[in-house]
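Chain residues, written in single-letter form:
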Amino acid sequence: MTSSLGNVGLLLLPSKEHRPEGRPTTLGSAVNSIERTTPPSEFGSPSCLGELRRISRTSRNASQGECSTLPDGIEYVVVLEDHPEILKERLDANWVSGVPPALSQLAKEGGLPLGFGCLIFGALTPGTIPHGDAVQFLRRLYRPWRAVKYVGMGPARGWNFADEAIPSNSPIPWSFDVLETAERTILSWLECNWRTILPKVTIDVVIPSYRVQIPLLRSMLELLPSPTCSVEFIIVIDNPDSPSITRLTKEYRSRPDVHILVNDENRGASAARNRGMWSSTAEWVHFLDDDIVPSSDLLIESERAIRQHPKAAGFVGNVYFPPPATVATAAIKLSGVTSFWDIANRFKEDVPWGVTGNLVVRRRVKDGISFDLRFPKTGGGEDIDFCLRKKLWSVQNGGEGFYGVPEMQAIHPWWNNGRRTYKRFF
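Report on the accompanying structure.

Here is what the cut-offs are and how they apply
Residues numbered from 1 in each chain as written. Predicted model: local features only at pLDDT ≥ 70, side-chain atom pairs only at ≥ 80, totals over all residues. Heavy atoms only, no water. Helix = DSSP H or I, 4+ residues; strand = E, 2+ residues; numbered from the N terminus. Buried < 20%, exposed > 50% of the residue type's maximum accessible area, 1.4 Å probe, protein only. Arc of directions from axis to C-beta. Contact = heavy atoms within 4.5 Å.

### Re unusual backbone geometry
- A positive phi angle is found at Arg146, which is not glycine, with a value near 50°.
- Here Arg146 shows up in the loop between helix H5 (134–141) and strand E6 (148–151).
- Judged by relative accessible area, which is 37%, Arg146 ranks as partly exposed.
- Of note in the backbone geometry, Val212 takes a positive phi value of approximately 50° without being a glycine.
- The topology assignment puts Val212 in the loop between strand E7 (201–209) and helix H7 (214–221).
- Residue Val212 is classed as buried on the basis of its relative accessible area of 2%.

Below, the structure written as structure tokens:
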């Protein structure tokens, strides 16, 4: 191991079965101690992983968003989830030798200072890392600078949340004040040391899906952001019996920006959107329905709107239906029930509400607003209620309402291929 790595510290997060009394390890308690290894040249030996010398560390309460400096001499911290004996079996003996080239590549690709960022090793099983642990926190923390690199991930080792304990009834606790405080710490450091590096806009695309139609989902997962935007995709499958789950997971398991959640039962569209939104840590959430085909520049347009109106509650895009080709679709069009799908053409500012098929909302605010589960499981009225409450909170707290963004477009194919049906029109 070359000396360029510097001194290495370990932050050890035991797995549940090795925690005292089975209690979870929180970020706040975990950072109160740090392990120092033997010299880096010997760190690659798995036997050293079990021979760590504990040193004391005075730390403020990280669970409240406060930070402390590393002990003298420590330049890099390695966060290890699980018991050292188990890590011996999972980590390659020479895994640490990949750190310097990975850091160099990360710096070169992102124009970042050497050593700035977060490396995640594919040798560790991603599904074993709970959301509240430091690995997830660090991954999300460095995301606005695209300073996260996955090392040693082959095609069979991706990073998705299919097996994680994602909260289903509340946001991630540290995804507001704690995360923002840590980001401000990084911004302050960069301001003093590397002023040319600016954070990216972070957007999570949330797609609730019952039918799991892979061709349509693929059209959304192929969307590309601009270089100044960081986008991840959260698919919430609301049908645990869907035969397409295995295929979807296999196809995207090597995509670290694609996260697949599977509800244990059919909970409805509102509950699925809530779970996706609560699993997000991005500044903004872009809701898409699972049966639309987005324009290729959708994320470019949503980022442009966000930068133009950073205090907005959100943005309403247009969803168009194909030209009527049957008597049934012509009747639906003439009835006017599809008129609100392209409401962004009629309202540029202060849009009253928008359909969740193509809707961007600000997430990084503690407004306590989610989709009301009293509305029908298949949808109907919950988007109006959600937008009205979002707008009200935003305006009352110094923000703005919703803006119409007609350039943010998607196509909604006719239900049942345009054939007449009385169960639903679209």
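### Regarding helix H8 (residues 245–252)
- Those residues of H8 that sit buried are Ile245, Leu248, Thr249 and Tyr252. One face of H8 carries all of its buried residues, which in axial projection span an arc of 95°. When the buried face of H8 is taken as reference, the exposed residues oriented beyond 90 degrees from it are Thr246, Arg247 and Lys250.
- Elements in contact with the buried residues of H8: H7, strand E8 (229–237) and strand E9 (258–262).

### Notes on the environment of Tyr210
- Inspection of the secondary structure assignment puts Tyr210 in the loop between E7 and H7.
- Since its relative accessible area comes to 45%, Tyr210 is described here as partly exposed.
- The spacing of Tyr210 and Pro240 is 30 residues in sequence and 8.7 Å in space, taken between C-alpha atoms.
- Ignoring anything within four residues of it in the chain, the contact list for Tyr210 reads Asp238, Asn239, Asn266 and Asp290.

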